[in-house]
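Letter by letter, the chains look like this.
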Amino acid sequence: MVPMNILSPARRGIAAAAALSLAGVSLAACSTDSTPADGTNTGQTGETLSVAASFYPIQYLTEAVGGDHVDVTSVTPTNVEPHDYELAPKDVTALSATNLVVYVAGFQPSLDDALAEVSGPTVLELSATVDLVHHDGVAHDHDEDTEDTEEEADHDAAESTDPHFWLDPVRMQAAAQAIETALAQADPDHAADYEANLATLTDTLEGLDADYSNGLAQCERTTFVTAHSAFGYLADRYGLTQASVSGLDPESEPSPSELAAVKKIVEETGTTTIFTEELVSPKTAEALAAETGATTAVLNPIESAPASGDYAGAMTTNLEELRTALSCE
Ligand SMILES: [Zn+2]
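What counts, and at which threshold
Residues numbered from 1 in each chain as written. Predicted model: local features only at pLDDT ≥ 70, side-chain atom pairs only at ≥ 80, totals over all residues. Heavy atoms only, no water. Donors = N, O, S within 2.8 Å, 3.2 Å for Na, K, Ca; no water. Helix = DSSP H or I, 4+ residues; strand = E, 2+ residues; numbered from the N terminus. Buried < 20%, exposed > 50% of the residue type's maximum accessible area, 1.4 Å probe, protein only. Lys, Arg positive; Asp, Glu negative; His and termini not counted. Salt bridge = Lys/Arg side-chain N within 4 Å of Asp/Glu carboxyl O. Polar contact = N/O pair within 3.5 Å; in protein donor to acceptor, adjacent residues only side chain to side chain. Contact = heavy atoms within 4.5 Å. Disulfide = S-S within 2.5 Å. Expected span 1.5 Å × (residues − 1). Phe/Tyr/Trp six-rings, centres within 6.5 Å; stacked < 30°, edge-to-face > 60°. Core = buried A, V, L, I, M, F, W, Y, C linked by side-chain atoms within 4.5 Å.

S.K.: Tell me about the coordination of the zinc ion, residues and numbers included.
M.R.: Here the zinc ion is held by His83 (NE2), His164 (NE2), His228 (NE2) and Glu303 (OE), and the distances to it run 1.9 to 2.1 Å. Summarised as a motif, the one-chain spacing of the donors to the zinc ion is H-x80-H-x63-H-x74-E. Taken together, the residues histidine 228 in the loop between strand E5 (223-226) and helix H8 (232-238) and glutamate 303 in the loop between strand E8 (295-298) and helix H11 (311-325) connect sequence positions 75 residues apart. In terms of burial, histidine 228 and glutamate 303 fall into one category: buried.

Following this line, the structure appears as structure tokens:
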């Protein structure tokens with residue numbers, strides 16, 4: 001064991017930060033630095049980093065990179081739609097007891113607010129890392145309104161970038177790299193493990209990217225219709241066009257004119273499949289399919305943990321669904 005007095009200043013800083021963030025709660029931080037010199041604490045218990053991921057895709061990356069050295073929780077519960085998820089007071093308390101929080105600003109306003117108040121954990125915000133851009137969903141009806149209220153204008157600003165980066169496996173590689181860097185800084189003792197885990201994860205993500213590139217290269221159609229517009233980054237990456245029933249926010253009800261616009265796209269492109277998703281009511285999509293003679297199928301936006309398998313498995317299933325819907329070779 002290394003005596004405390006020869007630790008580098010950086011190491012002492014991390015230990016001090018961990019102690020601060022855990023004041024008043026049981027010590028769950030990476031505590032190898034404070035293990036007594038007599039070696040009484042040789043077990044792994046109490047030596048894991050506690051990490052809060054805002055929702056499933058970030059949880060998947062953090063677990064893959066962190067392996068046995070991290071204890072990852074998802075702020076958004078499984079099978080809860082993460083858009084606009086409202087944190088309960090107990091969620092905020094749990095956040096403050098973690099070592100690291102990984103999230104994307106602007107996707108979950110309630111989490112943004114909570115993090116403004118929580119001072120304990122290190123915070124890794126990924127929007128710049130994953131290069132968020134603007135994607136139009138179905139056009140909003142602002143032209144029909146006389147003027148936006150101030151509140152609506154704020155809402156539009158918050159929606160100005162598309163959060164759904166995780167459906168692009170190339171952007172996921174950038175996020176994984178940033179998470180590896182943060183874990184290695186918080187827990188340098190296990191930096192080599194994090195680096196090795198990142199290499200394995202990167203192989204998986206590169207494999208998905210290659211499968212998508214090859215699988216979607218030769219298709220009869222290139223437009224696909226989704227329940228909400230979660231697939232903009234995927235469409236950009238692989239040369240497809242997404243049309244959606246309800247825009248970027250799955251909770252928003254399409255207006256009659258928006259529905260008419262989607263119906264027109266279905267008819268003009270010869271679309272044969274209207275995609276639905278598990279956490280959003282399929283009612284509107286089913287009505288659209290019935291009106292246009294299309295069928296429905298499920299395309300998973302992977303905003304919550306899949307019922308079986310993981311992110312990579314869900315991405316592979318989505319690829320098969322897309323290939324069927326678009327009649328790809
Ligand atoms: Zn979404």
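S.K.: Any details on the side chain of glutamate 277? Residues and values, ideally.
M.R.: Within the secondary structure, glutamate 277 is located in the loop between strand E7 (273-276) and helix H10 (283-292). For glutamate 277, which is buried and forms no salt bridge, the nearest opposite charge comes from lysine 283, at a distance of 16 Å. Here histidine 228 takes part through its side chain, which lies 2.7 Å from a polar atom of the side chain of glutamate 277. Here glutamate 277 is in contact with Ala227, His228, Val298, Leu299 and Pro301, once residues within four sequence places are set aside.

S.K.: Please provide a residue-by-residue account of the state of the cysteines, values included.
M.R.: Counting across every chain of the model gives one disulfide. At a sulfur-sulfur separation of 2.1 Å, the disulfide partner of cysteine 219 is cysteine 328. Residues cysteine 219 and cysteine 328 share a disulfide whose torsion about the S-S bond is about 100°; that sign makes it right-handed. Taken together, the positions of cysteine 219 in the loop between helix H7 (191-215) and E5 and cysteine 328 in the segment after H11 put the pair 109 residues apart, joining distant regions of the chain. Taking the relative accessible area as the measure of exposure, cysteine 328 reaches 14% and is therefore buried.

S.K.: Tell me about H7, and name the residues and values.
M.R.: Between its first and last C-alpha, H7 extends 36 Å over 25 residues, near the 36 Å set by a 1.5 Å rise per residue. Among the residues of H7, Tyr194, Leu198, Leu201, Thr202, Leu205, Leu208, Asp209, Tyr212 and Gly215 are the ones counted as buried. Summarising the contacts, the buried residues of H7 are in contact with strand E1 (49-53), helix H2 (56-66), strand E2 (70-74), helix H6 (169-186), H8 and H11.

S.K.: For unusual backbone geometry, give the residues involved together with the corresponding values.
M.R.: For aspartate 131, which is not glycine, the phi torsion reads 55° and is therefore positive. For aspartate 131, the position within the fold is in the loop between strand E4 (122-125) and helix H5 (150-158). The class for aspartate 131 is partly exposed, based on a relative accessible area of 46%.

S.K.: Any details on the packing of aromatic side chains? Residues and values, ideally.
M.R.: This structure, assessed with the given rule, holds eight aromatic pairs. Taken together, a centroid distance of 4.7 Å and an interplanar angle of 70° make the contact between phenylalanine 55 and tryptophan 166 edge-to-face. Of this pair, phenylalanine 55 sits in the loop between E1 and H2 while tryptophan 166 sits in the loop between H5 and H6, placing them 111 residues apart in sequence. Assessed through its relative accessible area of 1%, phenylalanine 55 is described here as buried.

S.K.: Please provide a residue-by-residue account of the environment of glutamate 81, values included.
M.R.: Here glutamate 81 is to be found in the loop between E2 and helix H3 (89-96). Accessibility expressed as a relative area gives 12% for glutamate 81, which makes it buried. Sequence separation between glutamate 81 and valine 280 is 199 residues, and the spatial gap between their C-alpha atoms is 8.2 Å. Apart from residues no more than four positions distant in its own chain, glutamate 81 is found in contact with Pro250, Glu251, Leu279 and Glu303.

S.K.: Pulling in residues and values, what's your account of the pattern of salt bridges?
M.R.: Scanning all chains against the criterion turns up eight salt bridges. Arginine 171 is paired through a salt bridge with aspartate 168; the nearest N and O atoms lie 2.9 Å apart. With respect to burial, arginine 171 and aspartate 168 carry one shared label: buried.

S.K.: Can you explain the environment of threonine 181? Please cite residues and give values.
M.R.: When you line up the elements, threonine 181 lands in helix H6. On the basis of relative accessible area, threonine 181 is assigned to the partly exposed category, the value being 34%. In sequence terms threonine 181 and glutamate 195 are 14 residues apart; their C-alpha atoms lie 8.7 Å from each other.

S.K.: Explain the nonpolar core to me, using residue names and the numbers behind them.
M.R.: With 58 residues, the main nonpolar core has Leu61, Phe165, Leu183, Phe224 and Tyr311 as its most contacted residues. For this core, the secondary-structure elements that each account for two or more residues are E1, H2, E2, strand E3 (100-103), H6, H7, H8 and H11. Sorting elements by how many residues they give to this core places H6 first, with eight residues.

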